[in-house]
Amino acid sequence: MTLDQNGCEYKPHVLAFVAGSTVEILNPDGILHNVHSYSKVNTAFNTAQPKFKKALTQKIEKPEVINIKCDVHGWMSGWLFVAETPYFSVTDDKGSFKLTDVPPGTYNVEVWHETLGKVSQKVTVKSKEEAKVTFEMAKK
Ligand SMILES: [Cu+2]
């Protein structure tokens with residue numbers, strides 16, 4: 001899991017991973033950044049990353065959606081989506097996603113967007129069949 005701060009922007013804008021993972025945070029910019037997590041469930045961190053500190057690591061233990069900001073550059077904002085299960089995905093530029101190797105069963109599929117909020121839907125996955133689901137989110 002790598003969160004890059006290249007060009008004073010978080011890349012990717014949303015980084016998704018399973019709880020208990022360690023995130024590597026890179027600073028290739030040659031300037032000071034400050035990695036400030038607005039966590040509520042996990043312990044919040046607020047770490048200066050001077051220009052010579054090219055990488056630091058941070059372990060995130062619990063499921064949560066965390067906003068990351070830089071106290072030096074007010075426009076920098078990114079998200080860590082810390083998933084509860086291994087079945088998660090970040091949508092592509094068309095809003096599509098795919099979850100693979102999901103065991104048969106009925107699941108509650110939840111979609112999160114930074115400004116549109118959260119919606120969920122029950123989806124049943126059958127053995128060796130593709131389950132399709134469509135979400136619509138209203139602009140707030
Ligand atoms: Cu910065």
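Residues numbered from 1 in each chain as written. Predicted model: local features only at pLDDT ≥ 70, side-chain atom pairs only at ≥ 80, totals over all residues. Heavy atoms only, no water.

*Asks:* Any chance you could explain the pairing of strand 10 (residues 117–125) here in plain terms?
*Replies:* As a general feature of sheets, a regular strand has side chains that alternate between the two faces. Here strand 9 (residues 105–113) pairs with strand 10 via 9 bridges, running antiparallel. Within the sheet, the bridge partner assigned to Val-109 lies in strand 10 and is Gln-121. Taken together, strand 9 and the strand that follows it, strand 10, pair antiparallel across an intervening segment of 3 residues. (Pairing = 2+ DSSP bridges. Helix = DSSP H or I, 4+ residues; strand = E, 2+ residues; numbered from the N terminus.)

*Asks:* What is the right way to look at the pattern of salt bridges in this model?
*Replies:* Side chains carrying opposite charge are able to pair once their charged atoms draw close together. Scanning all chains against the criterion turns up 4 salt bridges. In this structure, Glu-61 engages Lys-59 in a salt bridge whose closest nitrogen and oxygen atoms are separated by 3.7 Å. With a closest N to O distance of 3.2 Å, Lys-132 and Glu-130 form a salt bridge. Summarising the burial analysis for this pair, Lys-132 and Glu-130 share the class exposed. Residues joined in a network through salt bridges with shared partners are Lys-98, Glu-130 and Lys-132. (Salt bridge = Lys/Arg side-chain N within 4 Å of Asp/Glu carboxyl O. Buried < 20%, exposed > 50% of the residue type's maximum accessible area, 1.4 Å probe, protein only.)

*Asks:* Is there a simple way to think about unusual backbone geometry in this case?
*Replies:* Outside of glycine, negative phi angles account for most residues, and trans bonds account for most peptide bonds. In this model, Lys-11 is joined to Pro-12 through a cis peptide bond whose omega is 0°. Even without being a glycine, Asp-101 presents a positive backbone phi close to 60°. Take Asp-101: its relative accessible area is 71%, and that puts it in the exposed class. Even without being a glycine, Lys-128 presents a positive backbone phi close to 55°. Residue position: Lys-128 is located in the segment after strand 10.

*Asks:* Would you explain the state of the cysteines in this entry?
*Replies:* As used in these notes, a disulfide is a covalent bond between sulfur atoms, one from each of two cysteines. Evaluated as defined, the whole model comprises 0 disulfides. As a non-bridged cysteine, Cys-8 has Cys-70 as the owner of its nearest cysteine sulfur, 6.8 Å distant. Classification of Cys-8 as buried rests on a relative accessible area of 12%. (Disulfide = S-S within 2.5 Å.)

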